[in-house]
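Listed below, chain by chain, are the residues.
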Amino acid sequence: MLMDFIGIPMYKLLEEFSSNPDLVIEYLTKLYDRIARVEEKVKAFITLRSLNDVLSEVESLVKIKKMSRNRMSLFGVAIAIKDNISTKGLRTTCASRMLENYVPPYDATVIAKLKAEGAVIIGKTNMDEFAMGSTTETSAFFTTRNPWDLTRSPGGSSGGSAAALAAGETTIALGSDTGGSIRNPAAFTATFGLKPTYGLVSRYGLIAYASSLDQIGPMARNTDDLALLLNSIAGYDHRDSTSVNIPLPDYYRAMYEMYYREPRLRIAIARELFEYSEEYVKNVAYKAVDMLCSFHECDEVNIPYARHSVAAYYIISMAEASSNLARYDGVRYGLKVVFDNKNWIDVYRDVRTKGFGYEVKKRIALGVYILSSGYWDMYYLKALKFRRMLKEEFDKIFKKFNAIVSPTMPILPPKLGELIADPIKMYYSDVNTVIANLIGAPAISIPIGFANSLPVGLQVMVKHFNEVTALYLSKFIEDKLKLHDLTALV
Amino acid sequence: MDKDIIEHLERLALVSFIPEEREKLVGELDKIIEMFNLINSVENLDKWEPLYHVHDIPLTLREDDAVGERDPERSMLKDNAILVEGYVKAPKTMVK
Amino acid sequence: MSSSSEVKIGLEIHVQLTSLKTKLFCSTPSDYRGEEPNTYVCPVCLGLPGTLPVVNKKAIEYAIAVSLALNCEINDKLVFVRKHYFYPDLPKNYQISQYNGPGFSSIAKNGYVRIFVDGKTKIVRIRRINIEEDPGKIHYIGGIEISPYSLVDYNRSGIALLEIVTEPDIENPKEARAFLDKLTAILEYLGVTDTSREGAFRVDANISIAGSSRVEVKNIGSIKEVEKALTYEIIRQKNIVERGGEVKRETRHWDSSKGVTVPLRSKEFEEDYRYFPDPDLPPMVITKEFTDTIAKKMPELPDARIERFMNQYSLDEYRATVLVLIKWLADFFEDCAKMYNNYKKLADLLITDFLRWIKEFDLSPRELKVQPLHIVKLLQYLDKGIVSIKMVKESLPKIVKEGIDIDKLVAEGYTKLDDETAIEKIAREVIIENPKAVRDAIENPKALNFLIGMVMKKTRGRADPNKTVEIIKKLLEEMRNRS
């Protein structure tokens, strides 16, 4: 029996809980102890469910498990959910004043799946407001701190989920990724994060930022957990018309099959994406690459339009965001103002001004600009043409290579206040991650070391629906570097 | 990008920037538009068709016969909207 | 003076596809009329954060069926587009519809409808057809002006709509009426909608007179109102031009209670809908197979039926058109025609008196007590001379309203009265009972009608009119001679 549950991998917990379901209660109680000790410093959660609520829910769960031997693949495991994923009856805010008191009357598809698998949702994590940001500093409520250095950002926009993992406040987590929002915080917190292929995981219930780019993805402290979690959330959903209907592998099994087979892969080193990175990051990244390439076959590739990709990403995401956020007017849900005898235009403007923070308003305004009749062809249409061109470029690369690697982020975790003060620098810090979103390809961030005691991640991007290869490389690296299940001393 | 354009966008998007924000915005806007304009420096871009959907998947078609539920308790609105005799209260639309 | 060709009218029609069981993008049931507000809703049609649309397959089939029936070119791809504007009845503050742009356009365009008006055939071209979602409905406390806030019912939000837009080919209100009658008939024949349901058929009109600006008139509640609204607006515009003024390009609102159009507040700036293809809905490829399958399932449409009526029943275009455009009446006609072959006589009766009584009694065509056999028998008795034309007209209202069998009436003695002896007996009664009228009639031969009418009344219209006249004249002559 494991006395100290802090940081125990999920795959181990599942084994224990399988033979002794009652252990779940002890596990959760200890987890909440941990949260009580560190949360004040980390501030990962916007909404944390009370231990009482969680335990009474678990009571019935344990009964079911004992009676039916129901194969719940995530039975009893604590999961933290990014606060832009709808949880029925549990406040979902998107870290915005606009939704500060919004309680969804329905569950996102992934939440329904998690519940069916016996996962225990402990709370909703902090994020950049409406997922717009790279440091979790645009949250309207508070800033989350990087457990590895409390004066620094944990990354964003899924910073809360990543910080909770790194601080040992949860075993697994969900994030969302539109331009890097899972991979960025994973890299900055020495955790694992995967943005799945677009359409692999249902978006029904994910509060939209940019519909053609958003994906929900798993975040964990090791590769096995990541694969197990992906298994639970992936799959066709008839409620999401962009969801892809193809047979899926058991990612965990398939990853292990590949792992035991030890195939020698062809890996592309994305030259520009290394070049754009800071010295410290480059050093750690090249070391990891050396290790990879001592076994696998590597070659450098040219990524010609990396910085242009950032432009295309922001054009498309701001345009779609301005549309997706049009619905927030306080009438059916959301921030309320007194409005008797005032006309709707003034009231809407008042609600949206009070409800949205600066970064969100800015992106909405720019999105409206991009879609307006004078500029539609010049920016939006062009960006979509660029998107097709980029996709074909990468299709070509993936014909020759199994994976493309680069540092996940070109910088180390920034000091709080540093990156947010320079918006353009912040936007360009997404240069390594946006490509995967633009072309819809899966990409994973893997911890590969520390520089100045700060985490560095390596990104592995693979072709559509090839998550198994990415997971295999993650396991490969994890095995060699042993940088998994790391818990920061907070 | 000048003040007029910002005002125009505020009207279209129904958001307002407070003076400090407007200051900040005016400062950032040139650089952001400069970034956007990178897209116009890509060679031969006009030859390409726009990509609206990243995968070529068929549109999901739902059967009309599969009729869903009604919501007699108004569970979808009661906790988040202001209801007056079952109607959702909204600002007036008659503009004088 | 201005000729009719100066007036240009284009119509924009929004039709709800009431035959669908669910809404356009969610499976919420669609039969919301008369239900408690906000009970026919779900996260999707309320636009709750995180929700996504899934399109109703049958709605697309209906849209294509209508497009085929209106002779349109159907696009090879169906692309849904977001149309943005802020309004409390629009949950997402954008409406999912179609538009024209690089790689996307309306589901159908370049069609036409043939109308028959004033003895001539005319073509009204269809510019485009879109399939889109209906917004919710806004109510007000007291009137729209004094209401401190609005009350919104989202039951209607997400209902499937077809938007049908014509070219400005219509030149007068009568043609507009004829077009709308034809269009509703086509839709009814297809079975995609019941246009009589409240709010299921809405018309906006664009009117301009020679060279002047185009005025949009909204809020025309029914087809009957269309003729009135158009007539008013044309006169309004002509008056302005005649006085030397300029017609302002604007949107006006039809006030049916006052019978006038009033300006809606003009917007300070142009509406920019910021259309772009909806990223939540991949395009649907519309194959020839898909369209052909729908085409095969299509029923006989009005134009085809009119032609068939003209050939099969030797009816002229006018009679055929009137019948066919009222589907239930054409069905009734054909049921009668199985048993009776004087088609012209049958058509005339149905189109005139029969239809008039149906409307007068406000009878629902779905719940008629009168059956085709009743009408057929009536006509057969007429042909045999058992009843007279006057008796047909006199008994028809009762037959139509209550479905009374003429056999019964005839058995009770409701037959034509030819017997001169009987008529004379009644005529004498009438003369005795109405001395003043008799004196008037003796003096003025034209005042006979009252007495004739009294005989008709007493015989319940059965007395042969000609014989009655002769007999009364004879009796009066007798009286004149005696005095």
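As a convention, each chain's residues are numbered from 1 in the sequence order in which they are written. Ligands are numbered from 1 and chains lettered from A, in the order in which they are written. In keeping with the predicted nature of the model, local features appear solely for residues at pLDDT of at least 70, side-chain atom pairs appear and are counted solely at 80 or more, and the whole-chain, interface and lining totals rest on all residues.

Let's talk about the overall build of chain B
Helix numbering and strand numbering both begin at the N terminus, where a helix is a DSSP run of H or I of at least 4 residues and a strand a DSSP run of E of at least 2. Of regular secondary structure, chain B possesses 2 helices and 3 strands. Tracing chain B from N to C terminus, the helices and strands come up as α-α-β-β-β.

Some remarks on the nonpolar core
Judged by nonpolar contacts, the single largest core of 314 residues is most densely connected at A:Ile79, A:Ile315, A:Tyr380, A:Ala403 and A:Val460. For this core, the leading source of residues is helix H11 (residues 306-324) of chain A, giving 11 residues. Grouped together as the second largest cluster of nonpolar side chains are 13 residues, C:Ala427, C:Ile431, C:Val438 and C:Ile471 included. Connectivity within a nonpolar core runs through C-beta atoms within 7 Å, and the core itself is a set of buried Ala, Val, Leu, Ile, Met, Phe, Trp, Tyr and Cys residues. Here a residue counts as buried when 20 or more other C-beta atoms fall within 10 Å of its C-beta, as exposed when 12 or fewer do, and as partly exposed in between; the C-beta atoms come from the backbone.

Observations concerning the sheet that holds strand S3 (residues 120-125) of chain A
All names here are of chain A. Two strands are said to pair when DSSP picks up at least two bridges between them. Here 11 strands make up an open sheet; going across it, the order is S1-S3-S2-S4-S6-S5-S10-S11-S9-S7-S8 and the pairing mixed. One side of each edge strand has no neighbouring strand; the edge strands of this open sheet are strand S1 (45-48) and strand S8 (297-301). Here the average twist between neighbouring strands, direction ignored, is 30°. Judged from the 5 bridges that link them, strand S7 (residues 266-270) and S8 form a sheet pairing that is parallel. Bridge pairing in S8 links arginine 266 to glutamate 297. Packing against the sheet, helix H5 (residues 159-166) makes contact with S1, strand S2 (78-82), S3, strand S4 (172-177), strand S5 (192-195) and strand S6 (215-220), and its axis sits at approximately 155° to S4. Helix axes are fitted only over the stretch in contact, all axes being lines through C-alpha atoms; the angle between N-to-C directions runs from 0 to 180 degrees. Throughout, a pair of residues is in contact if the C-beta atoms placed from their backbones lie within 7 Å.

Topic: the interface of chain B and chain A
Taken residue by residue, the interface counts 43 residues in chain B and 58 residues in chain A. Those elements giving two or more residues to the side of chain B that touches chain A turn out to be helix H1 (3-13), helix H2 (19-37) and strand S3 (87-91) of chain B. The biggest single contributor to the side of chain B that touches chain A is H2(B), with 7 residues.

Thoughts on the sheet that holds strand S3 (residues 73-74) of chain C
All names here are of chain C. If you walk across this open sheet you meet the 9 strands as S3-S7-S8-S11-S1-S12-S13-S14-S15, and the pairing is mixed. On the outer flanks of this sheet lie S3 and strand S15 (260-263), each paired with one strand and no other. One ladder, built from 4 bridges, connects strand S14 (residues 250-255) with S15; its direction is antiparallel. What sits directly across from histidine 253, in S15, is valine 262. Against the sheet, helix H2 (residues 173-190) engages strand S1 (7-16), strand S7 (108-117), strand S8 (120-133) and strand S12 (201-209), with an angle of about 115° to S7.

A short note on the interface of chain A and chain C
Across the contact, 38 residues belong to chain A and 27 residues belong to chain C. Of all the secondary-structure elements, those providing two or more residues to the side of chain A that touches chain C are H11, helix H12 (344-355), helix H13 (358-371) and helix H14 (376-400) of chain A. Among the elements that make up the side of chain A that touches chain C, the one with the highest residue count is H11(A) (3 residues). Split into classes, the residues belonging to the side of chain A that touches chain C amount to 19 nonpolar, 11 polar and 8 charged. Gly is put with the polar residues, along with every residue not named as nonpolar or charged; the nonpolar set is Ala, Val, Leu, Ile, Met, Phe, Trp, Tyr, Cys and Pro, and the charged set is Asp, Glu, Lys and Arg.

Some words on the confidence of the model for chain C
All names here are of chain C. The pLDDT value expresses, per residue, how confident the predictor is, ranging between 0 and 100. The predicted model of chain C has a mean per-residue pLDDT of 92, with 97% of residues at 70 or higher. Taken as a whole, residues 1-5 scores under 50 in pLDDT and shows 5 contacts with residues more than four places along the chain or in a different chain. Here the prediction assigns the complex a pTM of 0.93, and the interface score ipTM is 0.97.

Some remarks on H14(A)
It helps to recall that an α-helix has 3.6 residues per turn; residues three or four apart then point in one direction. If you check H14(A), its first and last C-alpha atoms are 36 Å apart, about what 25 residues at 1.5 Å a residue would give, namely 36 Å. Here the bend at a residue means the angle between the axes of two seven-residue stretches, the one that ends at it and the one that starts at it. Its maximal kink placed at A:Lys382, H14(A) deviates by approximately 25°. An expected span of 1.5 Å times one less than the residue number is assigned to each helix.

Considerations on helix H9 (residues 372-384) of chain C
All names here are of chain C. For H9, built from 13 residues, the straight-helix expectation of 18 Å at 1.5 Å per residue is met to within 8% by its first-to-last C-alpha distance of 18 Å. Every buried residue of H9 is listed here: Pro372, His374, Ile375, Leu378, Leu379 and Tyr381. Against helix H7 (327-337), helix H8 (343-360), helix H10 (389-402) and helix H11 (406-411) lie the buried residues of H9. Of the residues flanking the end of H9, it is glycine 385, one or two places downstream, whose phi is positive at about 85°.

Considerations on unusual backbone geometry
Of all residues except glycine, most have a negative phi; of all peptide bonds, most are trans. Residue and element names in this part refer to chain A. Geometrically, the link from glycine 156 to serine 157 is a cis peptide bond, its omega value of 10° lying close to zero. Within the secondary structure layout, serine 157 lies in the loop between S3 and H5. A positive phi angle, near 50°, is found at phenylalanine 130, a position not held by glycine. As for its placement among the helices and strands, phenylalanine 130 is situated in the loop between S3 and H5.

Things to note about the environment of A:Trp376
Residues and elements named next belong to chain A. The residue tryptophan 376 is located in helix H14 in this model. As for tryptophan 376 and glutamate 16, which are separated by 360 residues in sequence, their C-alpha atoms are 57 Å apart. What tryptophan 376 contacts, discounting residues up to four positions off in sequence, is Leu371 and Leu381.

Here we look at the domain arrangement of chain C
All names here are of chain C. Segment limits for the domains were obtained from an automatic or database-derived domain assignment. When the domains of chain C are assigned, the result is domain 1 (4-294), domain 2 (300-411) and domain 3 (420-482). Spacing between the C-alpha centres of domain 1 and domain 2 amounts to 35 Å. In this assembly, 9 residues from domain 1 lie in contact with 8 residues from domain 2. Contributions of two or more residues to the side of domain 1 that touches domain 2 are made by S7 and H2. Here the element with the most residues in the side of domain 1 that touches domain 2 is H2; it accounts for 6 residues. Tallied by class, the residues present in the side of domain 1 that touches domain 2 amount to 5 nonpolar, no polar and 4 charged.

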